[in-house]
Amino acid sequence: MTAPATEGSLPQQRGRLARVPSLAAFADGILITLMLGAVILWFAPAGMGRYGTYVLSLWLVTSIAVMGLNLTLGYAGLKSLAQAAFMGLGAYATALLTTKVGLNWYTSFALSGLLTFAVGLVLGFPALRVKAHYLAFVTLAFSTLIWLILRNEQWLTGGVFGLSNIPRPSLFGLKLDGALAFHRFVVIVTLILAVALWWMIRSPWGRAFTALRENPIRAASLGIDTRMYTLLAFAIGSAYAGFAGALYAPLVEFIDPSPFSLSQSFFLLLMVVAGGAGYLLGPFIGALLGVVLPEWLRVVGSLYLIIFATIVMLLLIACPQGVSGLLERGWAKLTGKGKIGKTVAGKSVAPNTGGRS
Amino acid sequence: MSPVLEVSNIHKAFGGIKAVNGVSFSVKEGEILGIIGPNGCGKSTLFNCILGQLDPTEGTVKLDGKEVTGMRPSDLNRLGVSRTFQLLQVFPELSVRENLILAGQEHEGTMLSRFFGRRDAGLTEKADRMIGFFKLGHLVDAKAGGLSYGQQKLLDAAMAFMAGPRLVLLDEPAGGVNLTMLGDLKERLRAINAEQGATFVVIEHNMDFVMSLCTRVLVLAEGKVLAEGTPAEVRANRQVIEAYLGH
Ligand SMILES: Nc1ncnc2c1ncn2[C@@H]1O[C@H](COP(=O)(O)OP(=O)(O)OP(=O)(O)O)[C@@H](O)[C@H]1O
Ligand SMILES: [Mg+2]
């Protein structure tokens, strides 16, 4: 506590101050990774055959839904149990709009996003007014409701028989019916959506999301409308599920209720966590584990889910920040530096500030 | 001219505990009001009732003569009321500069401009000036969590001033800050008060700090106002000496 002591400890102090690697440089690293990834995936299906190509596309489509959930959970800290239901809403909306109403895919895609965004607002507004925890229950109920509608309202959804003959879009007059052509289309759409999210996370919005997850009470005291940002994070996250659904429908060309059940919503949550919640590239890793791993583990048959669950558990014991966290640690060891891709760590609690934020 | 802040008959009970029990006071433009009192006498609870963090059981809060009781903290902040908390609250994973940009960004533009516009919301220069003003210039890019306690305390205060507020409520700004830095902090607060005409309400246990900084002092005891006056008057008040100042 005496003044002279500070003199001696100064160099140590300096060392302790982890310099934040120039944020701009790091964000561009993510953008470059996204671009490179898109180029690789553009050519990747070469020699893979129809099925391999389909699995790659499915991975990307799933990544979009996981990206949305990563925004909701990883950035805003909200637990949504309806991501698969939102995806179903988008998929069925697109299927109905393209087959029954005769709209083109692009309009249907936009409307699916708009619909899921709006439903997200309607669900989130009352839930988040009360308490963030309520969102988990509200989305749980919503998930069940969507499931029942998809299953039972045959006149609209085709019930268990689903909807078929969903057309694939064309681009500048080019038909995208082939597996490879449609895969490349999926690559482009995924890239656009990922870049949009990247942009948002590095804008002042991203800073506000970070702040409200770290310390909502302090954030509110600095003028950040925590309710609005939380609601936006949830609604945008849900819209990404809608976009994923709108791509999923023409990818599989036939949809039924099963991929949109509650257990699928949990599965998507697992992918967020396994990939690394709060990391921009985490969803791609999580979805890779969730979509491609099962293909590799096909030989073991139904044991697959047990193996997957075990891998995720071991992973989370080893590193609660998922694969992205593991990679970050490895990178830090290699370079002797700190964080690369993460915006936020633990939450600090604010005692003696009352309940409201 | 109506006072900047007018607090009337605030009550707040937690179950059986009457933390604040009928407090009224007002603050005029440019004043620095100190609030002192024993531990647990309701100072922080009073702040939280004024700032919309807690709903008072009874009573009203007026800002420039307009009632703002129970208004949300974020809305109040955008009306020019900012604060610090008793326990240090910076965002440890953000750099010093990012902390300050965060503290200012919601006061500029719209939600849309914050999405499409510049990532620093055009605030880098202002943030750096504030950082320089609080003598943290060598730490702009350091993570807030890696700063010493006293430095974080300065950053915490700097954040409260980032948006150029008209009224600032500080809860124990001097707690845990060493003597040299304390002098600095006092000098900074005085300068902001003089240059920007900002009005302050400061809760503090450090008597030297309060008595030398504040123009007027309010003494609380058991949730009630025990005395009010200039530092000299308060220091000479018998009741205050018995209840709080001792000897
Ligand atoms: N959220 C709460 N729930 C229940 N009781 C509370 C709460 N906040 C404060 N209290 C009680 O209210 C009383 C006043 O607390 P407060 O924090 O306002 O005191 P203070 O004057 O700020 O004290 P200090 O000088 O120690 O900071 C205390 O008895 C405290 O235990
Ligand atoms: Mg207190």
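For the structure, see preceding data.
Residues numbered from 1 in each chain as written. Chains lettered and ligands numbered in written order. Predicted model: local features only at pLDDT ≥ 70, side-chain atom pairs only at ≥ 80, totals over all residues. Heavy atoms only, no water.

**Student:** What exactly am I supposed to notice about the overall build of chain A here?
**Tutor:** Counting secondary structure elements, chain A contains 15 helices and 2 strands. Counting contacts in chain A only where the partners sit at least 6 residues apart, residues at least 24 apart contribute 76% of the total. As displayed, chain A has an accessible area near 16000 Å², and 71% of this comes from carbon and sulfur atoms. (Helix = DSSP H or I, 4+ residues; strand = E, 2+ residues; numbered from the N terminus. Contact = heavy atoms within 4.5 Å. Areas by Shrake-Rupley, 256 points an atom, 1.4 Å probe, with all protein chains shown as cover.)

**Student:** Where do I start with the coordination of the magnesium ion (ligand 2) in this structure?
**Tutor:** Under ideal tetrahedral coordination, the four donors around a metal are separated by 109.5 degrees; under ideal octahedral coordination, the six donors are separated by 90 or 180 degrees. Residues and elements named next belong to chain B. At the metal site, the magnesium ion (ligand 2) is ligated by Ser44 (OG) and Gln86 (OE1), and these contacts range over 2.0 Å. You can see Ser44 sitting in helix 1 (residues 43-50) and its partner Gln86 sitting in the loop between strand 6 (81-83) and helix 3 (96-105), a full 42 residues away along the chain. A residue is classified by how much of its surface remains accessible, and Ser44, at 10% relative accessible area, is buried. Exposure remark for Gln86: the relative accessible area of 28% places this residue in the partly exposed category. (Donors = N, O, S within 2.8 Å, 3.2 Å for Na, K, Ca; no water. Buried < 20%, exposed > 50% of the residue type's maximum accessible area, 1.4 Å probe, protein only.)

**Student:** Would you mind going over the packing of aromatic side chains with me for this structure?
**Tutor:** We describe a pair of aromatic rings using the distance from one ring centre to the other and the angle between the two ring planes. Inspection of the entire model under this criterion finds 19 aromatic pairs over all chains. Taking the ring centre of B:Phe85 as reference, the NZ or CZ of B:Arg83 above it sits at 3.9 Å. (Phe/Tyr/Trp six-rings, centres within 6.5 Å; stacked < 30°, edge-to-face > 60°. Lys NZ or Arg CZ within 6 Å of the ring centre and 35° of its normal.)

**Student:** Whenever I open this one, the site of ligand 1 confuses me. Can you help?
**Tutor:** Neighbouring residues of ligand 1: 13 residues in total, closest B:Gly40, B:Lys43, B:Ser44, B:Thr45 and B:Gln86. Among the chains of the assembly, those with residues near ligand 1 are chains A and B. Note that an oxygen atom of ligand 1 is positioned 3.0 Å from one of the backbone N or O atoms of B:Gly42. Take B:His205: an N or O atom from its side chain is 2.8 Å from an oxygen atom of ligand 1. Relative to its unbound accessible area of 630 Å², ligand 1 is 68% covered by the protein chains. For the shell around ligand 1, the element with the most residues is helix 1 of chain B, which contributes 3 residues. A per-class count over the shell around ligand 1 returns 3 nonpolar, 8 polar and 2 charged. (Near = heavy atom within 4 Å. Polar contact = N/O pair within 3.5 Å; in protein donor to acceptor, adjacent residues only side chain to side chain. Nonpolar A, V, L, I, M, F, W, Y, C, P; charged D, E, K, R; others polar.)

**Student:** Please clarify how the sheet that holds strand 6 of chain B should be interpreted in this entry.
**Tutor:** Residues and elements named next belong to chain B. The strand order across the open sheet built from 6 strands is 6-7-8-3-9-10, with neighbouring strands paired in mixed fashion. The open sheet terminates on both sides in strands that have one partner only, identified here as strand 6 and strand 10 (224-229). Taking the axes of each pair of neighbouring strands and ignoring which way they run, one obtains an average angle of 15 degrees across the sheet. In terms of strand pairing, strand 6 meets strand 7 (residues 167-171) through 3 bridges, oriented parallel. Paired with Val81 across the two strands is Leu167, which belongs to strand 7. Each of strand 3 (32-36), strand 9 (216-221) and strand 10 touches helix 10 (residues 238-245); the most contacted strand, strand 10, lies at about 125 degrees to it. (Pairing = 2+ DSSP bridges. Axes fitted to C-alpha atoms, helices over the stretch in contact; angles between N-to-C directions.)

**Student:** So what exactly am I meant to see when it comes to helix 6 (residues 149-161) of chain B here?
**Tutor:** For an α-helix the count is 3.6 residues per turn, leaving residues at separations of three or four pointing the same way. Residue and element names in this part refer to chain B. Counted at 1.5 Å a residue, the expected span for helix 6 with its 13 residues is 18 Å, and the 19 Å between its end C-alpha atoms agrees. Counting buried positions along helix 6 yields 12 of 13 residues, so the element is predominantly enclosed. Within the sequence span of helix 6, burial applies to Gly150, Gln151, Gln152, Lys153, Leu154, Leu155, Asp156, Ala157, Ala158, Met159, Ala160 and Phe161. (Expected span 1.5 Å × (residues − 1).)

**Student:** Explain the pattern of salt bridges here, please?
**Tutor:** What the rule picks out here adds up to 19 salt bridges over all chains. A salt bridge links A:Arg168 to A:Glu253; the shortest N-O distance between them is 3.9 Å. In this pair, A:Arg168 is assigned in the loop between helix 7 (154-157) and strand 1 (170-171) and A:Glu253 in the loop between helix 11 (226-252) and helix 12 (262-275), connecting sequence segments 85 residues apart. Among the residues examined, A:Glu253 registers a relative accessible area of 32% and is labelled partly exposed. Between B:Arg97 and B:Asp141 there is a salt bridge, with the nearest N and O atoms lying 3.3 Å from each other. (Salt bridge = Lys/Arg side-chain N within 4 Å of Asp/Glu carboxyl O.)

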